[in-house]
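# Descriptive structure summary
The residues making up each chain are set out below.
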Amino acid sequence: MQIAATITEIRALVSQARKAGRTVGFVPTMGALHAGHVALIQAAVEQCDFVVVSLFVNPTQFGPGEDFEKYPRPLDQDLALCRAHGADAVFAPGRTEMYPRQNLTWVSVEKVSEPLCGRFRPGHFRGVATVCTKLFSIVGPDLAFFGQKDAQQVAVIQRMVADLNLPLEIVVCPTVREPDGLALSSRNQYLSPQERKEATVIYRALCRAAGLIRAGETDVAKITEQMHEVLRQVPALRIEYASVADAESLAELRQARGRVLVAVAGRLGSTRLIDNVVVDVGAH
Ligand code: AMP
């Protein structure tokens, strides 16, 4: 596995692979890798000949007062995981390699970025869309792999790729969970043992909603009330939203129909947690 810290180096590695006729898969991450990231790497290794993983804690997607400084950066461990799971190259640039000057050019995806997390993290998706555009332009992959765990990020990136005719395909991989249902996240390591136990309430609330929808309930007011009933079991959870939305446009629904995104975000102590499930109402 080769490690590139500069744009010139990673471009040279990818161009060599392309000359050898290999297809290129790309897994963008912020590092602190866990089994959720590993599933993306494995999917990329299965579907592509040459797999690039990026490790970059992107400052432009963090708001003031968020956890940019304390975000974990276990580089050696991350490199070992990438190597063990068959990545061909890692792109691990420093901050000034990616942002050598004041950034004046931004990619903003309207509407899809606005509800859900967009209301609580202003500027977040602009940072995500901008860094992904830069990374896609640097790496030039055929396929890029994203996790369903970050459903709004997926919707934003898919819309951006479609609107800007970017020459790659987005592959979405299922959310990887702990045995008790908690979605894996690099931020879970911030949780105290007590908070770690309480954090499972989010998935329980999502399952309550999904169960109701699968049983034929379409009234979103009733579904969200049921989610809140579950979430109230943990008074320490400061709920940001418990939402039922269209899975593609992310528009809030009054009646559950089509592909429905059920999503929850909240804070336990200083840790922000998000999770979601998608229910295809037409299929039941
Ligand atoms: P991050 O390092 O948090 O920016 O995440 C990098 C990629 O891993 C994103 O596409 C995430 O959606 C994905 N990811 C994070 N957690 C999970 C998970 N539990 N299951 C599947 N994918 C995940």
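So, a few notes on the structure that sits alongside this text. (Residues numbered from 1 in each chain as written. Predicted model: local features only at pLDDT ≥ 70, side-chain atom pairs only at ≥ 80, totals over all residues. Heavy atoms only, no water.)

## Here we look at the overall build of the protein
Helix and strand content of the protein: 10 helices and nine strands. A compact globule built from 284 residues would reach a C-alpha radius of gyration of about 19 Å, and the protein, at 19 Å, matches this within 12%. Structurally, the protein occupies a C-alpha span of about 55 × 40 × 35 Å along its principal axes. Within the protein, buried positions represent 54% of all 284 residues. Restricting to contacts in the protein with at least 6 residues of sequence separation, those with at least 24 account for 73%. Carbon and sulfur atoms make up 50% of the accessible area of the protein, which totals about 13300 Å². (Helix = DSSP H or I, 4+ residues; strand = E, 2+ residues; numbered from the N terminus. Rg over C-alpha atoms; globule rule 2.2 N^0.38 Å. Buried < 20%, exposed > 50% of the residue type's maximum accessible area, 1.4 Å probe, protein only. Contact = heavy atoms within 4.5 Å. Areas by Shrake-Rupley, 256 points an atom, 1.4 Å probe, with all protein chains shown as cover.)

## Quick word on the nonpolar core
Membership of the largest hydrophobic core comes to 47 residues, with the highest contact counts inside it found for Ile10, Val52, Phe91, Phe136 and Ile157. Mapped by element, the contributors of at least two residues to this core are α1 (7-19), β2 (24-29), β3 (50-55), β4 (89-91), α6 (124-139), β5 (143-147), α7 (151-163) and β8 (259-268). When residues of this core are assigned to their parent elements, the largest contribution, nine residues, is made by α6. Residue assignment places this core across two domains, with domain 1 (2-173) and domain 2 (186-275) each supplying three or more. Not counting the four nearest positions on each side in its chain, Ile10 is found in contact with Ala4, Val52, Ala89, Phe91 and Ile138. With 29 residues, the next largest nonpolar core counts Ala199, Met227, Val234 and Leu273 among its residues. (Core = buried A, V, L, I, M, F, W, Y, C linked by side-chain atoms within 4.5 Å. Domains from an automatic or database assignment.)

## Regarding the sheet that holds β2
Judged by pairing direction, the sheet is parallel, and its six strands sit side by side in the order β1-β4-β3-β2-β5-β6 without closing on themselves. Looking at which strands have only one partner, the edges of the open sheet turn out to be β1 (2-4) and β6 (169-173). Across the sheet, the mean angle separating the axes of adjacent strands is 25° when strand polarity is ignored. Pairing of β5 with β6, which is carried by five bridges, proceeds in the parallel orientation. Paired with Phe145 across the strands is Val171, a residue of β6. Each of β5 and β6 is contacted by α7, which is oriented at about 165° to β6, the strand it contacts most. (Pairing = 2+ DSSP bridges. Axes fitted to C-alpha atoms, helices over the stretch in contact; angles between N-to-C directions.)

## Description of the site of the ligand
Within the structure, the ligand sits among 17 residues, and Met30, Gly147, Asp150, Val176 and Leu184 are positioned closest to it. Here an oxygen atom of the ligand and a side-chain polar atom of Asp150 are 2.6 Å apart. One of the backbone N or O atoms of Leu184 is found 2.9 Å from a nitrogen atom in the ligand. When the ligand sits alone it has 480 Å² of accessible area, and the protein chains cover 92% of it. For the shell around the ligand, the secondary-structure elements that each account for two or more residues are β2, α2 (35-47) and β5. Of the residues forming the shell around the ligand, the biggest block, three residues, is contributed by α2. In the shell around the ligand, the residues fall into eight nonpolar, seven polar and two charged. (Near = heavy atom within 4 Å. Polar contact = N/O pair within 3.5 Å; in protein donor to acceptor, adjacent residues only side chain to side chain. Nonpolar A, V, L, I, M, F, W, Y, C, P; charged D, E, K, R; others polar.)

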